[in-house]
Amino acid sequence: MKVGLALGSGSARGFSHIGIIDCLLDQGIVPDVVAGTSIGAIVGACYVSGHLERLRKQALAINRLNWTTFFNPSFSIDGWINLHQMQMFLVKSGVERKQKCIEDLKTPFGTVTCDLMSGKEIWITKGPVFDSVWPSMAMPGVFPPVEGPEGRWYIDGGIVNPVPVSLCRALGADVVIAVNLNNDLLRRVEIEKQSKGSNRKNERSRKNFCQGQKSDSVDQKGD
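These lines cover the structure that appears in this document, whether it is placed above or below. (Residues numbered from 1 in each chain as written. Predicted model: local features only at pLDDT ≥ 70, side-chain atom pairs only at ≥ 80, totals over all residues. Heavy atoms only, no water.)

**Re the packing of aromatic side chains**
Using the following cut-off: Any Phe, Tyr or Trp ring, taking Trp's six-membered ring, that has another such ring centre within 6.5 Å forms a pair; planes under 30 degrees apart are called stacked, those over 60 apart edge-to-face, and the others tilted. Helix and strand definitions follow DSSP, with helices as H or I runs of at least four residues and strands as E runs of at least two, each counted in order from the N terminus. The cut-offs for exposure are 20% and 50% of the maximum accessible area for each residue type, with area from a 1.4 Å probe on protein chains only; residues under the lower value are buried, those over the upper are exposed, and the others partly exposed.
Inspection of every chain in the model, using the stated rule, returns three aromatic pairs. Seen from their ring centres, F15 and F89 are 6.3 Å apart, and the 65 degrees between their planes marks the pair as edge-to-face. Here F89 lies in helix 4 (residues 83-93) and F15 lies in the loop between strand 1 (3-7) and helix 1 (16-26), a separation of 74 residues in the sequence. The partly exposed category is assigned to F15, whose relative accessible area is 23%. When the centroid spacing of 5.9 Å and the interplanar angle of 15 degrees are considered together, the rings of F130 and W134 count as stacked. The exposure class of F130 is buried, given its relative accessible area of 1%. Ring pairing ties together the aromatic residues F130, W134 and F143, which thus form one cluster.

**Description of helix 4**
Side chains that are three or four residues apart share a direction in an α-helix, a result of its 3.6 residues per turn. Keep this limit in mind: In this context, the arc is that of the directions from the helix axis out to the C-beta atoms.
Within helix 4, burial applies to M86, F89, L90 and S93. Mapping the buried residues of helix 4 onto a view down its axis gives an arc of 95 degrees, with all of them on the same face. G94 occupies a position one or two residues after helix 4 and carries a positive phi of about 115 degrees.

**Considering the side chain of S136**
Convention followed: N or O atoms closer than or at 3.5 Å make up a polar contact, with two conditions inside protein: a donor-capable atom paired with an acceptor-capable one, and, for residues adjacent in sequence, both atoms drawn from side chains. The criterion used for residue contact is that any of the two residues' heavy atoms lie within 4.5 Å.
Along the chain, the position of S136 falls in the loop between helix 5 (129-133) and strand 7 (146-147). Among the polar contacts made by the side chain of S136, one reaches the main-chain carbonyl oxygen of V112 at a distance of 2.6 Å. Contact partners of S136, with chain neighbours within four places excluded, come to G36, T37, S38, A41, T111, V112, T113, D156 and G157.

**Re the pattern of salt bridges**
What counts, and what does not: Here, a salt bridge means any side-chain nitrogen of Lys or Arg that lies within 4 Å of a carboxyl oxygen of Asp or Glu.
Counting across every chain of the model gives four salt bridges. Two residues, E53 and R56, come together in a salt bridge whose shortest N-O distance is 2.8 Å. One end of the pair, E53, and the other, R56, are both in helix 3 (residues 52-61), three residues apart, so they sit about a helical turn from each other. Here R54 makes a salt bridge to E96, at a shortest N to O gap of 3.2 Å. Residue R54 is found in helix 3, and its partner E96 is found in the loop between helix 4 and strand 5 (109-115); the two are separated by 42 residues along the sequence. It is possible to trace a salt-bridge network through shared partners that takes in D22, E53 and R56.

**Some remarks on the nonpolar core**
Condition: What is meant by a nonpolar core is a set of buried Ala, Val, Leu, Ile, Met, Phe, Trp, Tyr and Cys residues, joined one to another through side-chain atoms within 4.5 Å.
Ranked by internal contacts, the top residues of the largest apolar core, which has 35 residues, are M86, L90 and V133. At the level of elements, strand 1, helix 1, helix 2 (39-48), helix 3, helix 4 and helix 5 are the ones that each hand at least two residues to this core. Here this core takes eight residues from helix 2, the largest share from any one element. In terms of nonpolar packing, the next biggest core, distinct from the first, is built from nine residues, A6, V33, V112 and V163 among them.

Here it is in C-alpha cells:
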C-alpha cells in the first residue's frame, strides 16, 4: 500500500508542513508519493530532494529585520514580492534551478498550478523541480504569472486545488495524508458570522424588552 502526502497551500503557514513531515517520519510513516500546492510545493520539493533541513534553516532565519527584503516597494506589474530574493530563498532551501528533474527523484512528486486563461487545473509531474514549484506559488497580485510551455501562463495552484489529494492518487497513492492549512480560517469566518448573528439577535431582544418596559410604564401612568 502506497502512502501519499498532499501538502496544501497557505502562505507562510506552510512552513508548518516541515513539522508534519517530522512527525510522520518519527512514527515510521515515509510517504511514497508527495504532491504540493503553492507553499506545499516548496516544502514537498525540498523534502523529496533531500533538502528539508536546508529549508528549515532558511525558514528559521526569517525575522522582523530581514523579512522586508522579500517585498518590492515599487509595486510594479511584477507584483509586490522581490522575485530575485524569493528565487534565492528557494535556491538556498534546496530548490535549485535546472539541476534536478522530477524524473530523477526517488519519490514520485508533482505540483498543482492554474492556467490563467482557461482557469483549468494543471499538474506538473515532469521537468526541473524548480520549474514545477515556481508557477504553483505564483499568487495573483503578489507574483507575476509564470510562462510555461506553448505560451501558457500559470498562476497559484491554490486557486483550483488547495490540497492536492487528487494528484497524489493520480501518482499512485492508495491512502493520502492531506494537510489543509486553511480549515481554521473557514471555521473562523463561520464563527464570526454566527457571532454577528447572535449579537443582532441579542440586540433585537434587548430592544423588544425595552419597548415592552416602556409600554408597561405608559399603561401604569394611564391607570
